[in-house]
Number of protein chains: 2
Amino acid sequence: MDPHDAHPAPLPAPPTASTLEEVARIAGVSRASVSRVVNGKSGIAPHIVEAVMAAIAATGYVPNRAARTLVTRRTGIVLVVVSGTDTSMREWGIGEVLADPFFARVAGGLMGSLRPRNVDPVLMLAVDQTERERVVNYVREGNADGVLLVSAEANDTLPAMLSAAKVPVVLFSRPSTPAPVSYVDVDNRAGGGLAAEHLFSRGCRRLGIITGPTEVAGAEDRLTGFLASTQRLGLADVATAAGTFSVDSGAHAMIQLLAQGVDGVFASNDNMAVGAILAAHERGVDVPGDVAVIGYDDTIAALMCRPTVTTIRQPIEAVAAEMTRLLLDIVDDPGMPPRHEVLAPELVVRGSA
Amino acid sequence: MDPHDAHPAPLPAPPTASTLEEVARIAGVSRASVSRVVNGKSGIAPHIVEAVMAAIAATGYVPNRAARTLVTRRTGIVLVVVSGTDTSMREWGIGEVLADPFFARVAGGLMGSLRPRNVDPVLMLAVDQTERERVVNYVREGNADGVLLVSAEANDTLPAMLSAAKVPVVLFSRPSTPAPVSYVDVDNRAGGGLAAEHLFSRGCRRLGIITGPTEVAGAEDRLTGFLASTQRLGLADVATAAGTFSVDSGAHAMIQLLAQGVDGVFASNDNMAVGAILAAHERGVDVPGDVAVIGYDDTIAALMCRPTVTTIRQPIEAVAAEMTRLLLDIVDDPGMPPRHEVLAPELVVRGSA
DNA sequence: CTGAAAGCGCTTACAG
DNA sequence: CTGAAAGCGCTTACAG
């Protein structure tokens, strides 16, 4: 074999990181030119583009993002934060919010919508004041271009902090304490109404509802919507029992409701619907035969149960896509006034009602 | 009111981002000094520290991370990636991996372990070759210091790609195709053994196992460990049925096993255990009365079922903490040879076995 | 269409 | 213990 063949053939990745400077030298052009082709600017002589491409291939050059960010003021990173108060989140333990099917679905949806736009998500949990400040500083330090926020609890001060600091932000859901921020929401009143109507159409006449935490705007709206519909349908009194969005709380609430002889129950989220169904079974009450149960969210929890849970689906993917679109608009035009969007929920009929 | 009082009192956050330079000017010291106190270096004259602190408070200065990263070559960011192949992940849909309780728990654990060390997690899913290359480039571009990787499927090429590119990386679990990378694992053989022993100690003598995808190293090990123990316990033949880690696959497998008259079943993960229990109930088979079922992982799924699922707990938090520690060590000393750690699983007895 | 040069905001030897 | 200065790797007016 000719020893000259031992020349390094197209090496996959050179050991030492190369720079724009080096590429320019090898291509025999200026750094500006390399920068332009790397960034896909138009109006560059073909022979320059070629030379640069070749040099990039030869060196395995990849641009340094810190340097780029330093001058462009854009990071291509968005903070995805789940915030709440100590109390609400301690139930799961820090870092376990993701174990909640709903937040996991939202986080996943957000990631999915960020991906095609080529922006990377930094995930952050904010359960106390220190962490909330950290979120604000994070983008003030120029680590991220904005934040996509989902509050796990009412009275969250983060939305207000963010808007005061003029940090681009879009919330999932209307903030429970009004703040001048953009948000995308799903019509919870309509969702509550859907639940009542479905139960009614099945023949249920003695309805009950397992509410979510009262301070959570969305939970409140689901209740309001449910009651408005039952009233319209001529169903006088509705039994109510309070839950906290956890499986156990749903089970406890169901026991109270069962004692009041309900034949149809609307649980304000799937976790509680699962709890309700389990509690019913333990007491020999058939679902949906003796009592129909309908949940909310359409999370994986609804499928981990028999019967599978009829539920009100939140179009999370669509919400996520809208949130992302909105946020990037705000990043491009920080002066933009807050914008709101409300999507429609959808009934998903399965086994439990 | 004296107009002089209109002076800007301690403003919370000045509109315009200030720089080191500005702080230095106000404090009447050099930029180097400001940098030193900002970074908490020791050996600085008290009066300088004071002046700088005051100037920082007055300006609301926060350091620019891009500038800092550019010179220090440290980002304080770690990539948390879940990778798999199209096939394995399409089952969930991109962005929905987090909906799987197990990955959600791992991701959460990783976030929890990164938090106290002050490094931020960028979450990334890698389901095809393009995305895998994106992961490699991400850290080559200097966007992150290293990667914490959990593979959703065997034959994942990412570990090898990463180690070839000399990117600091730590895997959750031993890679199914050997690669020179560090990893932290949980002893799956021991876990399988634990399951067999527990079933045996409950009096089960006709055991069955619902396996996971055969190419997944961990699934294989659980099977091996289970069989080794049953053999040692003198239980001749064990019925086996293949599953894919999904709830449905667990249900289907259970039907086969039931037909073979088993009285104790080990499902290789909780999802399948839930499916198995649901399938048993639908056929009027009592769990654990007629057949005991034991799962694996100890995810939230195990609690969403009645009876609650007895399972083999993976100490995810400990694994996550170890992975993080290891990775930061590697980042500090890239030449370090790959290191492996294997933690012990634990039996969690609940209602199903 | 291309290049020389300034500048983004930090950190870190190097002197003193 | 402190400061002047160089330099990290890019992008972007500004000329030409």
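All values derive from a computational prediction rather than experimental measurement. (Residues numbered from 1 in each chain as written. Chains lettered and ligands numbered in written order. Predicted model: local features only at pLDDT ≥ 70, side-chain atom pairs only at ≥ 80, totals over all residues.)

### Quick word on the overall build of chain A
Working step 1: Tallying secondary structure elements over chain A gives 13 helices and 12 strands in all.
Working step 2: Overall, chain A is about 90 × 55 × 35 Å in size when its C-alpha atoms are taken along their principal axes.
Working step 3: Once local pairs closer than 6 in sequence are excluded, the contacts in chain A between residues at least 24 apart make up 71%. (Helix = DSSP H or I, 4+ residues; strand = E, 2+ residues; numbered from the N terminus. Contact = placed C-beta atoms within 7 Å.)

### Re the packing of helix α1 (residues 20-27) of chain A against helix α3 (residues 46-59) of chain A
Residues and elements named next belong to chain A.
Working step 1: Packing of α1 against α3 leaves a shortest axis separation of 8 Å and a crossing angle of 120 degrees. Classified by the angle between their axes, α1 and α3 sit oblique to one another. Pair α1 / α3 crosses with right-handed handedness. Seen from α1, the contacting residues are Glu22, Val23, Ile26 and Ala27; seen from α3, they are Ala51, Val52, Ala54, Ala55, Ile56, Ala58 and Thr59. (Axes fitted to C-alpha atoms, helices over the stretch in contact; angles between N-to-C directions. Parallel < 35°, antiparallel > 145°, perpendicular 65-115°, else oblique. Left-handed = near helix turned anticlockwise from the far one by under 90°.)

### Quick notes on helix α11 (residues 247-259) of chain B
All names here are of chain B.
Working step 1: With 13 residues, α11 extends 19 Å from end C-alpha to end C-alpha; this agrees with the ideal 18 Å at 1.5 Å per step.
Working step 2: Considered for burial, the residues of α11 that qualify are Val247, Ser249, Gly250, Ala251, Ala253, Met254, Leu257 and Leu258.
Working step 3: Tucked into the core, α11 has its buried residues touching β6 (207-211), β7 (239-242), β8 (264-267) and α12 (270-282).
Working step 4: Glycine 261 sits one or two residues past α11 and shows a positive phi near 70 degrees. (Expected span 1.5 Å × (residues − 1). Buried ≥ 20, exposed ≤ 12 C-beta atoms within 10 Å, placed from the backbone.)

### Side note on the protein's contact with DNA strand D
Working step 1: Around DNA strand D sit 27 residues in total, of which Leu20, Ser35 and Ala67 of chain A together with Gly43 and Ala45 of chain B are the nearest.
Working step 2: For the surface near DNA strand D, the secondary structure elements donating two or more residues are α1, α2 (31-38) and α4 (65-72) of chain A together with α2 (31-38) and α4 (65-72) of chain B. (Near = placed C-beta within 6 Å.)

### Comments concerning the sheet that holds strand β10 (residues 310-313) of chain B
Within a sheet, neighbouring strands are paired by backbone hydrogen bonds and run either parallel or antiparallel to one another.
All names here are of chain B.
Working step 1: The 6 strands lie next to each other as β7-β6-β8-β9-β10-β12, forming an open sheet whose pairing is mixed. Pairing within the sheet leaves two strands with one partner each, and these edge strands are β7 and β12 (346-348). Taking the axes of each pair of neighbouring strands and ignoring which way they run, one obtains an average angle of 20 degrees across the sheet.
Working step 2: Relative to strand β9 (residues 292-297), helix α9 (residues 188-201) is tilted by about 160 degrees, and along the sheet it contacts β6, β8, β9, β10 and β12.
Working step 3: Set on the sheet, helix α10 (residues 217-232) makes contact with β6, β8 and β9; between it and β6 the angle comes to about 170 degrees. (Pairing = 2+ DSSP bridges.)

### Section: the protein's contact with DNA strand C
Working step 1: Taken together, 27 residues surround DNA strand C, and among them Gly43 and Ala45 of chain A together with Leu20, Ser35 and Ala67 of chain B come closest.
Working step 2: Within the residue set of the surface near DNA strand C, elements represented by two or more residues are α2 and α4 of chain A together with α1 (20-27), α2 and α4 of chain B.
Working step 3: A per-class count over the surface near DNA strand C returns 14 nonpolar, 8 polar and 5 charged. (Nonpolar A, V, L, I, M, F, W, Y, C, P; charged D, E, K, R; others polar.)

### With respect to the sheet that holds strand β12 (residues 346-348) of chain A
Residues and elements named next belong to chain A.
Working step 1: Here we have 6 strands laid out as an open sheet, ordered β7-β6-β8-β9-β10-β12, and mixed in their pairing. Two strands bound the open sheet, and with one partner strand each, they are β7 (239-242) and β12. With direction set aside, neighbouring strand axes in the sheet form an average angle of 20 degrees.
Working step 2: Lying over the sheet, helix α10 (residues 217-232) contacts β6 (207-211), β8 (264-267) and β9 (292-297), oriented at roughly 170 degrees with respect to β6.
Working step 3: Sheet strands in contact with helix α11 (residues 247-259) are β6, β7 and β8, and its direction is about 150 degrees off that of β7.

### Quick look at the relation of the copies chain A and chain B
Working step 1: Each copy superposes on the other: chain A lies on chain B with an RMSD of 0.1 Å after a rotation of 180 degrees and an axial shift of 0.0 Å. Taken together, the rotation and translation describe the operation of a two-fold axis.
Working step 2: Mapped onto chain B, 100% of the interface residues of chain A are again interface residues, and the two copies thus contact each other with one and the same surface. (Least-squares fit on C-alpha atoms with pLDDT ≥ 70 in both.)

### Observations regarding the nonpolar core
Working step 1: Membership of the largest hydrophobic core comes to 104 residues, with the highest contact counts inside it found for Leu79 and Val147 of chain A together with Leu79 and Val147 of chain B.
Working step 2: Not counting the four nearest positions on each side in its chain, valine 147 of chain B is found in contact with Val78, Leu79, Val81, Val135, Val139, Leu162, Val167 and Val169 of chain B.
Working step 3: Counting 94 residues, the second-largest nonpolar core is a separate cluster that includes Leu207, Ala273 and Ala353 of chain A together with Ala353 of chain B. (Core = buried A, V, L, I, M, F, W, Y, C linked by C-beta atoms within 7 Å.)

### Some remarks on the pairing of strand β4 (residues 169-172) of chain B
All names here are of chain B.
Working step 1: The alternating pattern of β4 places Val169 and Leu171 on one face and Val170 and Phe172 on the opposite face, and all of these are buried.
Working step 2: Bridge count for strand β3 (residues 146-151) against β4 is 4 bridges, and the pairing is parallel. Note that in β4 the partner of valine 147 across the bridge is valine 169.

### With respect to the interface of chain A and chain B
Working step 1: Contacts between the two partners involve 46 residues from chain A and, on the opposite side, 46 residues from chain B.
Working step 2: Those elements that place two or more of their residues in the side of chain A that touches chain B are α4, α6 (101-114), β2 (120-126), α7 (129-140) and α12 (270-282) of chain A.
Working step 3: Sort the elements by how many residues they give to the side of chain A that touches chain B and α6 of chain A lands first, with 8 residues.
Working step 4: Looking at side-chain class alone, the side of chain A that touches chain B contains 28 nonpolar, 10 polar and 8 charged residues.

### What to know about the environment of methionine 272 of chain A
Residue and element names in this part refer to chain A.
Working step 1: In this fold, methionine 272 is placed in helix α12.
Working step 2: Looking at methionine 272, the number of C-beta atoms within 10 Å reads 32, which means it is buried.
Working step 3: Put simply, methionine 272 and serine 246 are 26 residues apart on the chain and 5.7 Å apart in space, counted from C-alpha to C-alpha.
Working step 4: Apart from residues no more than four positions distant in its own chain, methionine 272 is found in contact with Ile210, Gly243, Phe245, Val247, Ser249, Gly250, Ala253 and Ala267.

### Overview of the confidence of the model for chain A
Residues and elements named next belong to chain A.
Working step 1: Averaged over all residues, the pLDDT of chain A equals 87, while 91% of them reach at least 70.
Working step 2: Across chain A, the element-wise mean pLDDT spans from 44 in helix α5 (residues 86-90) up to 98 in β8.
Working step 3: In this model residues 1-15 is a low-confidence stretch, pLDDT under 50, and it forms 4 contacts with partners more than four residues away in sequence or in other chains.
Working step 4: Low confidence marks residues 86-95, where pLDDT is under 50. Its contacts with residues over four positions away, or in another chain, come to 21 contacts. (pLDDT = per-residue confidence, 0-100.)

### Remarks on the pairing of strand β1 (residues 77-83) of chain A
All names here are of chain A.
Working step 1: Of all 7 residues making up β1, 7 are buried, and the element is well covered by its neighbours.
Working step 2: Pairing of β1 with β2 involves 7 bridges; the strand directions are parallel. Counted as the bridge partner of valine 80 is leucine 123 from β2.
Working step 3: In this structure, β1 lies alongside strand β3 (residues 146-151), joined through 6 bridges in parallel fashion.

### Let's talk about the packing of helix α9 (residues 188-201) of chain A against α10 of chain A
Residues and elements named next belong to chain A.
Working step 1: Close contact between α9 and α10 brings their axes to 6 Å; oriented N to C, the two are set at 45 degrees. Classified by the angle between their axes, α9 and α10 sit oblique to one another. At the point where α9 passes α10, the crossing takes the right-handed sense. Mapping the contact onto sequence places Asn188, Arg189, Ala190, Gly191, Gly192, Gly193, Ala195, Ala196 and Glu197 in α9 and Gly218, Asp221, Arg222, Leu223, Thr224, Gly225, Phe226, Ala228, Ser229 and Thr230 in α10.

### Re unusual backbone geometry
All names here are of chain A.
Working step 1: Of note, the amide linkage connecting valine 287 to proline 288 takes the cis form, showing an omega dihedral of 5 degrees.
Working step 2: With respect to the element layout, proline 288 can be found in the loop between α12 and β9.
Working step 3: For asparagine 118, which is not a glycine, the phi torsion comes out positive at approximately 65 degrees.
Working step 4: Position of asparagine 118 among the secondary structure elements: in the loop between α6 and β2.

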